[in-house]
Amino acid sequence: MQYFSTSALKQFEMFKIAAVGLLIISSNILSSGYKFPDGFMFGASTAAYQIEGGWNEDGKGVNIWDHLTHLRPELIRDHSNGDVACDSYHKYKEDVALAKDLNLQFYRFSISWSRIAPSGEVHKLNPEGIAYYNRLIDELIANDIVPLVTMYHWDIPQYLQDLGGWVNPIMSDYFKEYARVLFSYYGDRVKWWITFNEPMETSKAYSFNGYAPYLHLNNTGYYLAGHTQLIAHSKVYHLYNDEFKDKQQGKISLSLNGVFFIPKDEQSQDDINTAERANQFERGWFSHPVYKGDYPPVMRQWVDKKSKKEGRPWSTLPTFTKKEIELLKGTADFYALNHYSTRMVTHGSDPNPNYNPDAEYATFVDKSWPTSVASWLIVVPEGLKRLLVWIKNEYDNPPVIITENGFADNGTLNDFERISYVKSHLNATLQAIFEDKCNVFGYTVWSLLDNFEWMDGYAYHFGLVHVDFNNPLTPRTLKASYQFFKNVVATHRLDDSSFTTQSPEL
Ligand code: NOJ
């Protein structure tokens, strides 16, 4: 296949190593033997800043990641940036060919706001940026791959950040108008929309220097950024419903992440309450307003109480009007779940700023849980099963698509740990479907390609496909996990025998 830069011989050698590795893995991880239902959708996910490159090409404006990585390279683990990344701005046809060869039903990618509207304001659109996503969408459709499009994956235009970014409530209107552009240009072909990717992580960028724009506004910034994104989401949902849905017939949601919290002592009522509180403060923060209306009661009570105790005139957690609550409720056509890891909790405080101090929980890991190069990514597949059951019980068994799940390593082609991670999480998904009757209809692996992992630069790799970032041609090379996933998509099963007997199609 002409689009892989590595020689066929090298690929074949790799396949042989992969096959041996898989045999080893198959003895370690037991599959439940279930088969994914017909119609179950498999996909792979990427995001604009992480893969596109072309940071200043064809009229694109500067976004917060361009700004931060250029101004403060020392903040990124390897001092790198996304100027070139995987160069998908030029190599998108190769990416689609890789997705096609995996037989994926869909491909999740995000649109760079500053490529569409350089400053973020829609009175000045960038025709070349619009044309790029038209080409990408057309290429996907020509290959029978459904586009699943994220409108915002962490890259707000710098101009809008200078206006305050997500802590400024006016951003919900800017976002709505940006979304109108996307529906108008792409809605004839895009039927699956995600407004926000992981709004909680975006909020961390305002609270404790988590990511660009690298601000330290504590929980005040954290909750304000979340609030604006929720309002923005509801405005976009209603815009679509009122003006586009009849004609375009698409679906909308937002991708929500969060560690899943389980009680440290499963017998302790206090630990059970703490785990539930932690889950409400993370996942419930965005899911509760969308599925049930308003913030989770426990979050409201605890943050209000703490703010009062601190002598503040109002709570750091903003309040929705009655109208806003109504407008937000019911604004997810499906539950889009990003999931990577699980922690045990007990009542207390945690030194890690990723864990909201207002919720008062301390996290623990079981020593038997496998680790990864990313300290946050501890492997707990049964956590995913329990989380799917939690979502089922909490939100009345909504249709769920896992929009991200994946494993970080140092970039080896023989990525057996990734295979083991993906396999065990797919197995947990099967168990949730068949044993717990969870309504899961799709799974998206993060990621198709190795890419720019935010503050960790190119140090951590998540791809099924290796990208050589030291080579200006950014050649792609298939990893063992690519072959594994391809086999799962083809057979809808996790049994290794079918993989190891399959001849390599390289
Ligand atoms: C979540 C984010 O959506 C994605 O951008 C990131 O690369 C992965 N998790 C892995 O950290």
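Structure's up top.
Residues numbered from 1 in each chain as written. Predicted model: local features only at pLDDT ≥ 70, side-chain atom pairs only at ≥ 80, totals over all residues. Heavy atoms only, no water.

**Focus on the overall build of the chain**
- The secondary structure content of the chain amounts to 17 helices and 13 strands.
- Relative to the globule expectation of 23 Å for 506 residues, the C-alpha radius of gyration of the chain, 22 Å, shows essentially globular dimensions.
- Dimensions of the chain, computed from C-alpha atoms along their principal axes, come out at roughly 70 × 60 × 50 Å.
- The long-range fraction of contacts in the chain, counting pairs at least 24 apart against all pairs at least 6 apart in sequence, stands at 77%.
- Of the roughly 19,000 Å² of accessible surface on the chain, a fraction of 53% belongs to carbon and sulfur atoms.
- For the chain, the distance from the average site of its 47 positive side-chain charges to the average site of its 60 negative ones is 3 Å. (Helix = DSSP H or I, 4+ residues; strand = E, 2+ residues; numbered from the N terminus. Rg over C-alpha atoms; globule rule 2.2 N^0.38 Å. Contact = heavy atoms within 4.5 Å. Areas by Shrake-Rupley, 256 points an atom, 1.4 Å probe, with all protein chains shown as cover. Lys, Arg positive; Asp, Glu negative; His and termini not counted. Charge placed at Lys NZ, Arg CZ, Asp CG, Glu CD.)

**Here's the deal with the nonpolar core**
- Membership of the largest hydrophobic core comes to 146 residues, with the highest contact counts inside it found for Trp65, Trp166, Phe175, Phe183, Tyr186, Trp193 and Phe485.
- For this core, the element with the highest residue contribution is helix H10 (residues 218-248), accounting for 11 residues.
- When near neighbours in sequence (up to four residues on either side) are disregarded, Phe485 contacts Phe42, Gly43, Leu102, Leu104, Val422, Leu426, Tyr443, Val445 and Leu464.
- Core analysis: the second largest hydrophobic core is formed by nine residues, Met41, Leu148, Ile401 and Phe441 among them. (Core = buried A, V, L, I, M, F, W, Y, C linked by side-chain atoms within 4.5 Å. Buried < 20%, exposed > 50% of the residue type's maximum accessible area, 1.4 Å probe, protein only.)

**Side note on unusual backbone geometry**
- Cis rather than trans, the peptide bond between Ala212 and Pro213 has omega equal to 10°.
- Relative to the elements of secondary structure, Pro213 occurs in the loop between helix H9 (199-207) and H10.
- Between Trp446 and the following residue, Ser447, the backbone shows a cis peptide bond with an omega angle of 15°.
- Structurally, Ser447 is set in the loop between strand S11 (440-446) and strand S12 (465-467).

**Describing H10**
- Along H10, the helix axis deviates most sharply at Asp242, where the bend reaches about 50°.
- Of the residues trailing H10, Gln249 is marked for its positive phi of about 60°. (Bend = angle between axes of the 7 residues up to and from the residue.)

**Some details on the side chain of Ser234**
- Residue placement: Ser234 occurs in helix H10.
- Overall, the relative accessible area of 5% leaves Ser234 in the buried class.
- Engagement of the side chain of Ser234 in a polar contact is seen with the backbone oxygen of Ile231, the distance being 3.0 Å.
- Setting aside residues up to four positions removed in sequence, Ser234 forms contacts with Leu327, Leu328 and Thr331. (Polar contact = N/O pair within 3.5 Å; in protein donor to acceptor, adjacent residues only side chain to side chain.)

**Some remarks on the pattern of salt bridges**
- The tally for this structure, following the rule as stated, stands at 26 salt bridges.
- For Arg180, the salt bridge identified is with Glu243, shortest N-O distance 2.9 Å. Here Glu243 lies in helix H10 and Arg180 lies in helix H8 (residues 171-186), a separation of 63 residues in the sequence.
- A salt bridge links Lys306 to Glu310, with the nearest nitrogen and oxygen atoms 3.9 Å apart.
- Taking the relative accessible area as the measure of exposure, Lys306 reaches 29% and is therefore partly exposed.
- When salt bridges with common partners are traced through the structure, they connect Lys91, Glu94, Asp95 and Arg476 into a single cluster. (Salt bridge = Lys/Arg side-chain N within 4 Å of Asp/Glu carboxyl O.)

**Examining the sheet that holds strand S9 (residues 361-364)**
- Taken together, the three strands give an open sheet; going across it, the order is S6-S8-S9, and neighbouring strands pair in mixed fashion. For this open sheet the edge positions go to strand S6 (260-263) and S9, each flanked by a neighbour on one side alone. Direction aside, neighbouring strands of the sheet carry axes that sit 45° apart on average. (Pairing = 2+ DSSP bridges. Axes fitted to C-alpha atoms, helices over the stretch in contact; angles between N-to-C directions.)

**Focus on the packing of aromatic side chains**
- If you walk through the whole model with that rule in mind, you get 57 aromatic pairs.
- Feature note: the residues Tyr49, Trp65, Trp154, Tyr211, Phe452, Trp454, Tyr458 and Phe469 constitute an aromatic cluster, connected by ring pairs.
- Seen from the ring of Phe364, Lys264 lies directly overhead, with NZ or CZ sitting 4.3 Å from the centre.
- Across the ring face of Trp302, the terminal group of Lys305 is positioned such that the distance to the ring centre comes to 5.7 Å. (Phe/Tyr/Trp six-rings, centres within 6.5 Å; stacked < 30°, edge-to-face > 60°. Lys NZ or Arg CZ within 6 Å of the ring centre and 35° of its normal.)

**Focus on the side chain of Asp415**
- As for its placement among the helices and strands, Asp415 is situated in the loop between strand S10 (400-404) and helix H15 (416-435).
- You can call Asp415 buried: its relative accessible area is 0%.
- Polar contacts involving the side chain of Asp415 include one to the main-chain amide nitrogen of Ala480, which spans 3.2 Å.
- Sequence-distant contacts of Asp415, that is, excluding residues within four places in its chain, are made with Asp409, Gly463, Lys479, Ala480 and Ser481.

**Structural notes on the site of the ligand**
- Around the ligand lies a shell formed by Gln50, His153, Trp154, Asn197, Glu198, Tyr340, Trp376, Glu404, Trp446, Glu453, Trp454 and Phe462.
- Contact between the ligand and Gln50: an oxygen atom at 2.7 Å from a side-chain N or O atom of the residue.
- Within the side chain of Glu404, an N or O atom sits 2.7 Å from an oxygen atom of the ligand.
- Out of a free accessible area of 290 Å², the ligand has 95% covered by protein chains.
- A class-by-class count of the residues in the shell around the ligand yields six nonpolar, three polar and three charged. (Near = heavy atom within 4 Å. Nonpolar A, V, L, I, M, F, W, Y, C, P; charged D, E, K, R; others polar.)

**A word on helix H12 (residues 297-309)**
- Taking 1.5 Å of rise per residue, the 13 residues of H12 would be expected to cover 18 Å, and the 18 Å separating its terminal C-alpha atoms lies within 8% of that figure.
- Within H12, the full set of buried residues consists of Met299, Arg300, Val303 and Ser307. The buried residues of H12 all sit within an arc of 100° when viewed along its axis, so they share a single face. The outward face of H12, more than 90 degrees from its buried face, is lined by the exposed residues Gln301, Lys305, Lys308 and Lys309.
- Where H12 is buried, its residues touch H10 and helix H11 (269-291). (Expected span 1.5 Å × (residues − 1). Arc of directions from axis to C-beta.)

**Some points on the sheet that holds strand S3 (residues 146-152)**
- An order of S1-S2-S3-S4-S5-S7-S10-S11 is seen for the eight strands of this closed barrel, with the pairing classed as parallel. Averaged over all neighbouring strand pairs, the angle between strand axes comes to 25°, with direction disregarded.
- Bridge analysis of strand S1 (residues 41-45) against S11 gives five bridges, and the strand direction is parallel. Residue pairing for S11: Met41 is matched across the bridge by Gly442.
- Packing against the sheet, helix H14 (residues 381-394) makes contact with strand S7 (335-338), S10 and S11, and its axis sits at approximately 155° to S7.

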